[in-house]
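Chain by chain, the residues:
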Amino acid sequence: MPSTSARPYDALLLYSFGGPDKPEDVVPFLRNVTAGRGIPDARLEQVGEHYYGFGGKSPINEQNLALKAALEQELAARGLDVPVVWGNRNWAPYTNDAIDELEALGAQRAVALVTSAYSSYSGCRQYREDLATVLDKRGQLDENGSTGVQFDKIRSYFNTPGFVQGNVDAVTEAFGDLAAAGGDAAAAKLLFVTHSIPDVMEAASGVGHATYSEQHLDIAALVAAQVGERLGHAVEWELAYCSRSGPPHQPWLEPDVNDRLAELAEEGLRDVVISPIGFVSDHMEVAYDLDTEALATARDLGMTAVRAGTVGTREVFVKQLVDLVLERAAIARGESVDEAVVGSFRAFPSITPNDCCLRVHEQPSGVPALCSEDMHR
């Protein structure tokens, strides 16, 4: 069982990607996301059509606020006086805003919870680089880490019981929805989907542990097996990808979910459950890439398709996140901790190796990253 104390932490940073709140935010937001790549505004306007189709507003900010409220409620229910501060890499409230708020609260040591369950450059190291960069601009970074508010990080949590259980619950519900829609749940394929990444990022994600794709495949197998137990029959499943955004000549993880749906339809499949197992909440990649594009593809192919929910603010997931806060606090106190995991892989380290998930494309490696061995007091 996790400790019941959050010491030495006096705050929790809920750290996310961010998204635009209105149409005029879209291009500035995309400039932040693509900074340093030299992408013209005309191209960003084209990419922004995904957002304009939703009124120029991403769902992610409201979902982060809902998760923040759920975490605050769970912390309070356990008698833990740990304020939750929300910050984003790419939109307000920015990382700098979050640090300002932490300082105003008098926080001295915060633990960061990144809203990405899996380990890769974009899901882990990029957040830690952003923290280091912002602290450096504030004059609060030296070779040992922060000279102001100190930061630790919760480990990658894809293989924690609560994350897996939340996905099992969501997928089981989706099979019920498929049957209610007239589909054949016993014959349906379960198509797990996650965000594609470049092949070079995939290779870098495997330094010292399982790669990004291996992480997903391991947990997908576990979820599918448990769903099958609940349904009383085996569930066939695959992993596909969405949201590719790189140039055509750069290899990314495949197959694309729409391409795979077309292939499955040719093979005679007529019923499918799509599970966004790579995502914590129903933000734009889910709302557009799956709810809009993939489900439209399935309809055009004559398939009956439903999309499973994400873990979001499910109670089992929120409780897991608070357990992880307490687990990380016990590690910080030097206590022996039984780090709960499911699946084939051990718990990923909360203090990461220096060469873990290095950025090996678009810029030289070696950018300082907080919460790694060379930036940890």
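Quick notes on the rules
- Residues numbered from 1 in each chain as written.
- Predicted model: local features only at pLDDT ≥ 70, side-chain atom pairs only at ≥ 80, totals over all residues.
- Heavy atoms only, no water.
- Helix = DSSP H or I, 4+ residues; strand = E, 2+ residues; numbered from the N terminus.
- Contact = heavy atoms within 4.5 Å.
- Salt bridge = Lys/Arg side-chain N within 4 Å of Asp/Glu carboxyl O.
- Buried < 20%, exposed > 50% of the residue type's maximum accessible area, 1.4 Å probe, protein only.
- Core = buried A, V, L, I, M, F, W, Y, C linked by side-chain atoms within 4.5 Å.
- Bend = angle between axes of the 7 residues up to and from the residue.
- Pairing = 2+ DSSP bridges.
- Axes fitted to C-alpha atoms, helices over the stretch in contact; angles between N-to-C directions.
- Parallel < 35°, antiparallel > 145°, perpendicular 65-115°, else oblique.
- Left-handed = near helix turned anticlockwise from the far one by under 90°.
- Nonpolar A, V, L, I, M, F, W, Y, C, P; charged D, E, K, R; others polar.

A. Structural view of the side chain of Asp 218. Examined against the element boundaries, Asp 218 turns out to sit in helix H9 (residues 212-231). Setting aside anything within four residues of it in sequence, one finds Asp 218 in contact with Gly 343, Ser 344 and Phe 345.

B. Up close: the pattern of salt bridges. In the structure shown here, the tally under the stated rule is 25 salt bridges. Measuring nitrogen to oxygen at the nearest pair gives 2.8 Å for the salt bridge that ties Asp 41 to Arg 31. Highlighted residues: Asp 41 in helix H2 (residues 41-47) and Arg 31 in helix H1 (residues 26-33), separated in sequence by ten residues. Taking the relative accessible area as the measure of exposure, Arg 31 reaches 40% and is therefore partly exposed. A salt bridge links Arg 230 to Asp 169, with the nearest nitrogen and oxygen atoms 2.7 Å apart. Residue Arg 230 is found in helix H9, and its partner Asp 169 is found in helix H7 (residues 161-180); the two are separated by 61 residues along the sequence.

C. Inspection of the nonpolar core at higher detail. Counting residues in each nonpolar core, the largest one holds 58 residues, and the members touching the most others are Leu 12, Leu 71, Phe 175 and Val 223. The set of elements that each furnish at least two residues to this core consists of strand E1 (11-16), helix H4 (60-77), strand E3 (109-114), H7, strand E7 (189-195), H9, strand E8 (236-242) and helix H12 (315-332). When residues in this core are grouped by element, the largest group, eight residues, is from H12. Each residue touching Phe 175, except ones within four places of it in the same chain, is listed here: Ala 185, Ala 188, Leu 190, Val 227, Leu 231, Val 235 and Val 273. Counting residues in each nonpolar core, the second largest holds 22 residues, with Tyr 15, Ile 99, Ala 107 and Val 134 among its members.

D. Layout of helix H11 (residues 284-300). Maximal helix bending in H11 amounts to about 30°, located at Leu 290. Next to the buried residues of H11 lie helix H3 (49-52), E7, E8, helix H10 (257-266), strand E9 (271-275) and strand E10 (304-307). A positive phi of about 80° marks Gly 302, the residue just after H11.

E. Geometry of the sheet that holds E8. An order of E8-E7-E9-E10 is seen for the four strands of this open sheet, with the pairing classed as parallel. In the strand order of this sheet, the two ends are held by E8 and E10, each with one partner. Ignoring strand direction, the axes of neighbouring strands in this sheet form an average angle of 25°. Here seven bridges tie E7 to E8, and the two strands are oriented parallel to one another.

F. Examining the sheet that holds E3 more closely. Strand order in this open sheet of four strands is E2-E1-E3-E6, and the pairing throughout is parallel. Sheet topology places strand E2 (84-88) and strand E6 (150-153) at the edges, where each strand pairs with a single neighbour. Taken pair by pair, the neighbouring strands of this sheet meet at an average axis angle of 30°, ignoring direction. Pairing of E1 with E3 involves five bridges; the strand directions are parallel. From the neighbouring strand, Tyr 15 faces E3, where its bridge partner is Val 114. Set on the sheet, H12 makes contact with E1, E3 and E6; between it and E3 the angle comes to about 140°.

G. Molecular detail of the side chain of Glu 238. Within the secondary structure, Glu 238 sits in strand E8. If sequence neighbours within four positions are ignored, Glu 238 has contacts with Lys 189, Leu 190, Leu 191, Phe 192, Arg 260 and Leu 264.

H. Molecular detail of the packing of H10 against H11. The N-to-C vectors of H10 and H11 enclose an angle of 20°; their axes lie 9 Å apart at closest approach. Classed by the angle they form, the pair H10 and H11 counts as roughly parallel. Considering only the axes of H10 and H11, their crossing is right-handed. In this structure, H10 uses Val 257, Asn 258 and Leu 261 to contact H11, whose residues at the interface are Leu 290, Glu 293, Ala 294, Thr 297 and Ala 298. For the contact of H10 with H11, the class distribution of residues is five nonpolar, two polar and one charged.

I. How the structure looks around the pairing of E7. Within E7, six of the seven residues are buried, which leaves the element mostly enclosed by the surrounding structure. The sheet contact formed by E7 and E9 spans four bridges and is parallel. Across the sheet, Leu 190 pairs through a bridge with Val 273, a residue of E9.

J. Molecular detail of unusual backbone geometry. In this structure, Pro 8 follows Arg 7 across a cis peptide bond, with omega equal to 10°. In this structure, Pro 8 sits in the segment before E1. Cis geometry is found at the peptide bond from Ala 92 to Pro 93, where omega equals -5°. Looking at the element boundaries, Pro 93 is found in the loop between E2 and helix H5 (95-104). A positive phi angle, close to 65°, is found at Ser 243, a residue other than glycine. Residue position: Ser 243 is located in the loop between E8 and H10. One non-glycine residue, Cys 371, adopts positive backbone phi at about 65°.

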